[in-house]
Amino acid sequence: MMRGVTGRLMLLDTASLYFRAYFGVPDSVKAPDGTPVNAVRGLLEFIDRLVRDHHPDRLVACMDADWRPQWRVELIPSYKAHRVAEAHETGPDEEVVPDTLSPQVPVIEAVLDALGIARVGVAGYEADDVIGTFSALAEGPVDIVTGDRDLYQLVDDARGVRVLYPLKGVGTLQLTDEAVLREKYGVDGRGYADLALLRGDPSDGLPGVPGIGEKTAAKLLAEFGDLAGIMAAVDDPKAALTPSQRKRLDESRPYVAVAPTVVKVAGDVPLPDVDTALPRAPRDPEVLEALAARWGLGGSLQRLLTTLNS
């Protein structure tokens, strides 16, 4: 599907962006019936700015079909456990989402579909995994737009893959390439997953290795190359590890054995066959017009339509 397709591909970590829109746009932005639409309008404004500033040829809104896949939870049960609103025996657990954001998500999905912007989520996988697979298959440059640093692991200068990380809205983006990663973390994209695994991430329920913070993790990776090299050093009495580091890494072997599968994004998700071309005109103008009227999307939608058509 993606092989042989070139041009600049932009991949949106959609939930990350609509959460930012929700918290960045006042909830006084409402539909005619008084329903908040701040996330909807904010996301449309984000997309408008991204297309104007970065000129993608192709655009995919990547979705969380499962924000907490069971295959990750089975390996590390604490994975995102603190964000579960309601657990389900079958199907994905429900995530804690602000009350006035949840009703906006179906509206966002309907508007993206009517616009003709490709929207892809795959059962059993997070948006990160969808992004990782599109990125792996792309033959041209890739811009990943996300407020989630986990995706720094995909940065690859040789393949033209970079992360556009919003610092303030999407008007101020950190264009994250390997030079930025080395300056901030002392690693490249490939090394970032190992750094994150060792450091841990409370926001995702990843414990990390006790006593190994970001700076220590970066030093260990610089010394021993990668996670495998660090763990080999634990068994080498001549290796330059402190007694405390050796003990903690040794005690963390069960975590280190399974964490790479949890932390590293999948690159082999079965993607559907979709048209990723940036739409120049809406796929379904009548539906879009009805959505615009129902939800009061006004100038936010019109500006995006003008940008897409230019």
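Residues numbered from 1 in each chain as written. Predicted model: local features only at pLDDT ≥ 70, side-chain atom pairs only at ≥ 80, totals over all residues. Heavy atoms only, no water.

Per an unreviewed UniProt entry, the protein goes by 5'-3' exonuclease and derives from Streptomyces luteolifulvus. Per UniProt, the comment on the protein under Function (unreviewed entry) is "5'-3' exonuclease acting preferentially on double-stranded DNA." (UniProt positions renumbered as here; feature names shortened; annotations may be inferred.)

One broad trend across soluble globular proteins is that nonpolar side chains are buried collectively. Counting 57 residues, the largest nonpolar core has Leu11, Phe134, Ile144, Leu198 and Leu249 as its most contacted members. The greatest single-element share of this core, amounting to 6 residues, is contributed by helix α7 (residues 189-199). Both of domain 1 (9-177 + 266-309) and domain 2 (185-263) provide at least three residues apiece to this core. For Leu198, the residues in contact, after removing those within four places along its chain, are Gly208, Val209, Ile212, Ala217, Leu221, Leu227, Ile230 and Leu249. (Core = buried A, V, L, I, M, F, W, Y, C linked by side-chain atoms within 4.5 Å. Buried < 20%, exposed > 50% of the residue type's maximum accessible area, 1.4 Å probe, protein only. Helix = DSSP H or I, 4+ residues; strand = E, 2+ residues; numbered from the N terminus. Domains from an automatic or database assignment. Contact = heavy atoms within 4.5 Å.)

In this section: the side chain of Asp194. When you line up the elements, Asp194 lands in helix α7. Once you skip the residues sitting within four places of it in the chain, Asp194 turns out to touch Leu221, Asp226, Leu227 and Lys264.

Now for the pairing of strand β1 (residues 9-13). In terms of burial, β1 is largely enclosed, as 5 of its 5 residues are buried. Side-chain alternation along β1 places Leu9, Leu11 and Asp13 on one buried face and Met10 and Leu12 on a second face that is also buried. Two strands pair when backbone bridges link them, and β1 and strand β2 (residues 58-62) are joined in this way by 5 bridges, in the parallel orientation. In the sheet register, Leu11 faces β2, and the bridge partner there is Val60. Where β1 meets strand β6 (residues 142-145), 4 bridges bridge the pair, whose relative direction is parallel. Counted as the bridge partner of Met10 is Asp143 from β6. (Pairing = 2+ DSSP bridges.)

Let's shift gears to helix α1 (residues 14-24). The set of residues buried in α1 consists of Thr14, Ala15, Ser16, Leu17, Tyr18, Ala21 and Tyr22. For α1, the secondary structure elements touched by its buried residues are β1, α2 (38-54), β2, α4 (104-115), β6 and β7 (161-168).

Before going further, it helps to spend a moment on the environment of Val29. Here Val29 lies in the loop between α1 and α2. Taking the C-alpha atoms as reference points, Val29 and His55, 26 residues apart in sequence, are found 28 Å from one another. In contact with Val29, not counting residues within four places along its chain, are Thr35, Pro36, Val37, Asn38 and Arg41.

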